Amino acid sequence: MIVTGGGSGIGRCAAHELASLGAHVAIVGRNPEKLETVRIEIEEDGGSVSTHVSDIRDEETVAATIATIIKDHGRIDGLVNNAGGQYRAAIKDITTKGFEAVVRSNLTGGFIVMREVYNQWMAEHGGSIVNMIADIWHGWPHFSHSAAARGGMFTLTESAATEFAASGVRVNSVAPGSIASSGLDTYDAKDTEFIQKGVSPHIPLQRFGTESEVSSAIVFLLSPGASFITGSCVRVDGGAPNARRGWWELQPAENNTPFNGFHRASEPAILAAAHQGEQR
Ligand SMILES: CCC/C=C/C(=O)SCCNC(=O)CCNC(=O)[C@H](O)C(C)(C)COP(=O)([O-])OP(=O)([O-])OC[C@H]1O[C@@H](n2cnc3c(N)ncnc32)[C@H](O)[C@@H]1OP(=O)([O-])[O-]
Ligand SMILES: NC(=O)C1=CN([C@@H]2O[C@H](COP(=O)(O)OP(=O)(O)OC[C@H]3O[C@@H](n4cnc5c(N)ncnc54)[C@H](OP(=O)(O)O)[C@@H]3O)[C@@H](O)[C@H]2O)C=CC1
């Protein structure tokens, strides 16, 4: 199994889960120290793991990385195309260089990894691919570059699912909403406050999700339990896209206490666990 972005957050959690189920996990990322930390954790837990330093945007390195994984481990049954991210900015302030950096990180890079895994292994042997996107439905203000890229990845997933089906390759996407992952550490306090105020009041389940709640969707889609599912998207978002204006005011009075995501009783525990790297 390959997990890109396996050195932190959701990718780290998925890598732990896959290793605990008996898979050899090849984790890919740019930062060798992060990968090394996760390698030690997984091995301490009795799992099998290898680390591969690669920027998913660098075609040559990605091709070489996939070839190495096949040479060393003999097969690739699954790909978790998870690496990515963005910074918060209004459209009016996004430079072309910044826009392209985010699109390359969240669309082109994932495309390169998926194509190489397919061409070098899965076209002949089958497999399962999970592409990470985000809660982009109806747009993603202040993260528009990422929304554009993830929208592309959503339809790339649908196209690949059909093109690859005859090879026995399933391709699905997972769309996390607001997840209290270590990825939130990449935002400064101002951004986090924006996310908290802008996002939390619109989550019907009234909290942020956890890394393991996203990992379980990933693992399900990779598993034989999902053998008739391809070209689909599993949303892991607490119902956020279904909340509409006025929704909160229509709640029963006993539920009608102000909630602000991070301030809910469960939030500090979830965030603390994510920050301390305790989620597996
Ligand atoms: C509720 C929340 C939901 C979502 C949660 C998550 O996804 S959690 C996951 C969160 N995890 C992650 O996001 C992790 C992965 N994310 C990343 O690696 C970066 O965000 C990246 C995608 C921009 C790639 O970065 P890189 O190192 O490859 O690129 P680079 O540094 O070379 O920049 C290229 C250009 O982009 C621009 N620019 C960049 N940053 C800013 C900024 N803060 N401000 C303004 N502009 C910025 C700038 O134009 C820069 O060029 P310049 O002006 O410097 O010549
Ligand atoms: N947390 C959330 O609320 C949400 C997260 N997501 C998405 O889920 C995925 C996982 O996020 P999360 O775990 O929260 O955040 P993290 O920032 O912890 O994870 C992102 C991982 O991707 C790796 N990465 C980023 N860019 C590259 C690159 N160009 N090449 C190789 N590796 C790269 C990073 O490692 P390194 O720095 O070593 O390269 C890092 O390990 C991301 O795509 C994220 O945008 C989507 C919606 C919501």
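Residues numbered from 1 in each chain as written. Chains lettered and ligands numbered in written order. Predicted model: local features only at pLDDT ≥ 70, side-chain atom pairs only at ≥ 80, totals over all residues.

- An unreviewed UniProt entry lists the protein under the name Peroxisomal trans-2-enoyl-CoA reductase, from Citricoccus parietis.
- On record in UniProt, under Subunit (unreviewed entry), the comment for the protein is "Interacts with PEX5, probably required to target it into peroxisomes."
- Regarding the protein, the UniProt comment filed under Subcellular location (unreviewed entry) reads as follows: "Peroxisome". (UniProt positions renumbered as here; feature names shortened; annotations may be inferred.)

### A few points about the overall build of the protein
Piece 1. For the protein, the helix and strand inventory stands at eight helices and seven strands.
Piece 2. Counting the 280 residues in the protein, one finds 42% classified as buried.
Piece 3. Considering only contacts in the protein between residues 6 or more positions apart, those separated by 24 or more positions represent 76%. (Helix = DSSP H or I, 4+ residues; strand = E, 2+ residues; numbered from the N terminus. Buried ≥ 20, exposed ≤ 12 C-beta atoms within 10 Å, placed from the backbone. Contact = placed C-beta atoms within 7 Å.)

### Section: the site of ligand 1
Piece 1. Surveying the vicinity of ligand 1 reveals 16 residues, the closest of which are Gly85, Tyr87, Gly98, Ala101 and Gly183.
Piece 2. Among the secondary structure elements, those contributing two or more residues to the shell around ligand 1 are helix H4 (96–125) and helix H6 (189–199).
Piece 3. For the shell around ligand 1, the element with the most residues is H4, which contributes five residues.
Piece 4. For the shell around ligand 1, the class distribution of residues is seven nonpolar, eight polar and one charged. (Near = placed C-beta within 6 Å. Nonpolar A, V, L, I, M, F, W, Y, C, P; charged D, E, K, R; others polar.)

### A short note on the site of ligand 2
Piece 1. Around ligand 2, the surrounding shell holds 29 residues, and the nearest of these are Gly5, Gly9, Arg30, Gly84 and Gly183.
Piece 2. Within the residue set of the shell around ligand 2, elements represented by two or more residues are helix H1 (9–20) and H4.
Piece 3. For the shell around ligand 2, the element with the highest residue contribution is H1, accounting for three residues.
Piece 4. Looking at the shell around ligand 2, its residues break down into seven nonpolar, 18 polar and four charged.

### Some points on the packing of helix H3 (residues 59–73) against H4
Piece 1. Between H3 and H4, the shortest axis-to-axis distance is 10 Å and the interhelical angle comes to 40°. By the angle between their axes, H3 is oblique relative to H4. When the axes of H3 and H4 are compared, the crossing they make is right-handed. Counting all contacts with H3, which are made through Glu59, Val62, Ala63, Ile66, Ala67 and Ile70, the residues of H4 involved are Ile112, Val113, Glu116, Val117, Gln120 and Trp121.
Piece 2. Across the contact of H3 with H4, the residue classes break down as nine nonpolar, one polar and two charged. (Axes fitted to C-alpha atoms, helices over the stretch in contact; angles between N-to-C directions. Parallel < 35°, antiparallel > 145°, perpendicular 65-115°, else oblique. Left-handed = near helix turned anticlockwise from the far one by under 90°.)

### Details of the pairing of strand S6 (residues 169–176)
Piece 1. By the criterion of burial, S6 is predominantly enclosed, with eight of the eight residues buried.
Piece 2. Side chains of S6 alternate between two faces, with Val169, Val171, Ser173 and Ala175 and Arg170, Asn172, Val174 and Pro176 buried alike.
Piece 3. In terms of strand pairing, strand S5 (residues 127–132) meets S6 through six bridges, oriented parallel. Following the sheet pairing, valine 130 is matched in S6 by asparagine 172.
Piece 4. Regarding the hand of the β-α-β motif, the stretch spanning S5, helix H5 (residues 144–164) and S6 is right-handed.
Piece 5. Sheet topology note: the S6/strand S7 (residues 233–236) ladder contains four bridges and is parallel. Following the sheet pairing, serine 173 is matched in S7 by cysteine 233. (Pairing = 2+ DSSP bridges. Right-handed = clockwise from strand over helix to strand, strands pointing away.)

### Structural notes on the sheet that holds strand S2 (residues 24–29)
Piece 1. The strand order across the open sheet built from seven strands is S3-S2-S1-S4-S5-S6-S7, with neighbouring strands paired in parallel fashion. Looking along the sheet, the strands with just one partner apiece sit at the ends: strand S3 (48–53) and S7. Each strand of the sheet is rotated relative to its neighbour by a mean of 15°, with strand direction disregarded.
Piece 2. For strand S1 (residues 2–4) and strand S4 (residues 78–81), the ladder comprises two bridges, and the chain directions are parallel.

### Some words on unusual backbone geometry
Piece 1. Backbone geometry places histidine 138, a non-glycine residue, at a positive phi of 65°.
Piece 2. Secondary-structure assignment places histidine 138 in the loop between S5 and H5.
Piece 3. At histidine 142, a residue that is not glycine, the phi angle is positive and equals roughly 75°.
Piece 4. If you trace the backbone, histidine 142 turns up in the loop between S5 and H5.

### So, the nonpolar core
Piece 1. Ranked by internal contacts, the top residues of the largest apolar core, which has 55 residues, are Ile2, Ala14, Ala15, Val25, Ile27, Val117 and Ile218.
Piece 2. With nine residues, the single largest contributor to this core is H4.
Piece 3. Excluding anything up to four places from it in sequence, alanine 14 contacts Val3, Val80, Asn82, Ser215, Ile218 and Val219. (Core = buried A, V, L, I, M, F, W, Y, C linked by C-beta atoms within 7 Å.)

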